Amino acid sequence: GEDVEQSLFLSVREGDSSVINCTYTDSSSTYLYWYKQEPGAGLQLLTYIFSNMDMKQDQRLTVLLNKKDKHLSLRIADTQTGDSAIYFCAESTHRLWNSGNTPLVFGKGTRLSVIA
Amino acid sequence: SAVISQKPSRDICQRGTSLTIQCQVDSQVTMMFWYRQQPGQSLTLIATANQGSEATYESGFVIDKFPISRPNLTFSTLTVSNMSPEDSSIYLCSVERDRDNEQFFGPGTRLTVL
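Residues numbered from 1 in each chain as written. Chains lettered and ligands numbered in written order. Predicted model: local features only at pLDDT ≥ 70, side-chain atom pairs only at ≥ 80, totals over all residues. Heavy atoms only, no water.

Q: So what exactly am I meant to see when it comes to the overall build of chain B here?
A: Looking only at helices and strands, one finds zero helices and 11 strands in chain B. Listed by position from the N terminus, the elements making up chain B come as β-β-β-β-β-β-β-β-β-β-β. The C-alpha radius of gyration of chain B comes to 13 Å, within 12% of the 13 Å expected for a compact globule of 114 residues. Projecting the C-alpha coordinates of chain B onto the three principal axes gives extents of approximately 40 × 25 × 20 Å. Counting the 114 residues in chain B, one finds 52% classified as buried. The long-range fraction of contacts in chain B, counting pairs at least 24 apart against all pairs at least 6 apart in sequence, stands at 54%. As presented, chain B carries roughly 5,300 Å² of accessible surface, and 47% of it is formed by carbon and sulfur atoms. (Helix = DSSP H or I, 4+ residues; strand = E, 2+ residues; numbered from the N terminus. Rg over C-alpha atoms; globule rule 2.2 N^0.38 Å. Buried < 20%, exposed > 50% of the residue type's maximum accessible area, 1.4 Å probe, protein only. Contact = heavy atoms within 4.5 Å. Areas by Shrake-Rupley, 256 points an atom, 1.4 Å probe, with all protein chains shown as cover.)

Right, here's the structure in full:
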């Protein structure tokens, strides 16, 4: 089955850039997502990228996709203490025989700690 | 984004009892999903609930343990039946908005079984 892998921990200093990496195995993945989960809270959709794109930028967030290597990264510029959270990478595949996408397959999450 | 609410937000239950979790969405959606997040773990899909059809369960999850209702396009319930401490988790409702590919999550229901 599909598998999504992430490193479990990342620690950065406030003001530096954070790069969170993710690899996936399903070559038919259509959409790749980044979610943020703060302590005691639900999941917040940060951004997603379609598999025919290499890069997507949204304010401080930059997503890079290397489809050949099945590698996804999330770069957070000027990391702030409020960025401390768990970041989940997830993938889904567009169904050709029905509307919508397959349910998300999640990685285990990367805990980002920002040091003031 | 879609606005999703869940009730209850948390509960502490006794072993052997059942709890029904409600999920309400502010717009009509075809596809709704129920996930479980065990302590310190990632999310695992329990089932897909489409309106007008039986829920589709993932491997390891069965209807007798996790019955689901989907009476209309804005509402769903998940029941955790005959609970044991191993069912202590956060249960999250998710929807895929029909007009794009974004999937949104409710705030979750934190369940503790004693």
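Moving on from the model shown.
Q: Mind showing me how you'd approach the sheet that holds strand β1 (residues 4-7) of chain B here?
A: Sheet strands pair by backbone hydrogen bonding; their relative direction is either parallel or antiparallel. Residues and elements named next belong to chain B. Read from one edge of the open sheet, four strands run β1-β3-β8-β7, paired in antiparallel fashion. Of all strands in the sheet, those bounded by a partner on one side alone are β1 and β7 (68-72). Direction aside, the axes of adjacent strands within the sheet are offset by 15 degrees on average. Taken together, the six bridges between strand β3 (residues 19-25) and strand β8 (residues 75-80) define a ladder with antiparallel strand orientation. Among the inter-strand pairings, T20 is bridged to a residue of β8, identified as T79. (Pairing = 2+ DSSP bridges. Axes fitted to C-alpha atoms, helices over the stretch in contact; angles between N-to-C directions.)

Q: Before we go on, may I ask you to explain the interface of chain B and chain A in this structure?
A: Accessible area lost upon the coming together of the parts is a frequently used measure of interface size. Of the residues lining the interface, 19 residues belong to chain B; the matching set on chain A comes to 22 residues. Interface area, chain B with chain A, both sides summed: about 1,600 Å², of which 53% is carbon and sulfur. Between the two partners, chain B and chain A, sit four residue pairs in polar contact (both at pLDDT 80 or more). If you tally residues by element for the side of chain B that touches chain A, the top one is strand β4 (residues 31-37) of chain B, at four residues. Of the residues assigned to the side of chain B that touches chain A, the class counts are nine nonpolar, seven polar and three charged. (Buried area = accessible area lost by both parts, 1.4 Å probe. Polar contact = N/O pair within 3.5 Å; in protein donor to acceptor, adjacent residues only side chain to side chain. Nonpolar A, V, L, I, M, F, W, Y, C, P; charged D, E, K, R; others polar.)

Q: Looking at this structure, I do not really get the state of the cysteines. What am I missing?
A: A covalent bond between the sulfur atoms of two cysteines is referred to as a disulfide. Here the structure, examined in full by the defined rule, presents two disulfides over all chains. The disulfide partner of C22 of chain A is C89 of chain A, and the S-S distance across this bridge is 2.0 Å. Residues C22 of chain A and C89 of chain A are joined through a disulfide that is left-handed, its torsion about the S-S bond being -65 degrees. Linking C22 of chain A in strand β3 (residues 18-24) with C89 of chain A in strand β9 (residues 85-92), this pair joins segments that are 67 residues apart in sequence. Like C22 of chain A, the residue C89 of chain A is buried in the burial classification. Two residues share a disulfide in this structure: C23 of chain B and C93 of chain B, whose sulfurs sit 1.9 Å from each other. (Disulfide = S-S within 2.5 Å.)

Q: Mind showing me how you'd approach the environment of T77 of chain B here?
A: Residues and elements named next belong to chain B. Within the secondary structure, T77 sits in strand β8. Its relative accessible area of 12% is what places T77 among the buried residues. Excluding residues that lie within four positions of it along the chain, T77 makes contacts with T20, I21, Q22, W34, P67, I68 and S69. Separated by 2.6 Å, the side chains of T77 and S69 make a polar contact.

Q: Please clarify how the environment of S9 of chain B should be interpreted in this entry.
A: Residues and elements named next belong to chain B. Mapped onto the elements of the fold, S9 is located in the loop between β1 and β2 (10-13). Residue S9 is classed as exposed on the basis of its relative accessible area, which comes to 51%. Sequence separation between S9 and I21 is 12 residues, and the spatial gap between their C-alpha atoms is 8.9 Å. Not counting chain neighbours up to four residues away, the residues in contact with S9 comprise G108, T109 and R110.

Q: Just to check I follow, could you spell out the sheet that holds strand β1 (residues 4-6) of chain A for this structure?
A: Residues and elements named next belong to chain A. Taking strand neighbours across the sheet as the criterion, the five strands line up as β1-β3-β8-β7-β6 in an open arrangement whose pairing is antiparallel. The open sheet is flanked by β1 and β6 (55-58), the only strands paired with a single partner. Pairwise comparison of adjacent strand axes, ignoring direction, gives a mean angle of 15 degrees for this sheet. Here β1 runs beside β3; their pairing, made up of three bridges, is antiparallel.

Q: Whenever I open this one, the side chain of D83 of chain A confuses me. Can you help?
A: All names here are of chain A. Turning to its location among the elements, D83 is positioned in the loop between β8 (71-76) and β9. In this structure D83 comes out as buried when scored by relative accessible area, which is 7%. Not counting the four nearest positions on each side in its chain, D83 is found in contact with K36, R60, I76, D78, L112 and V114.

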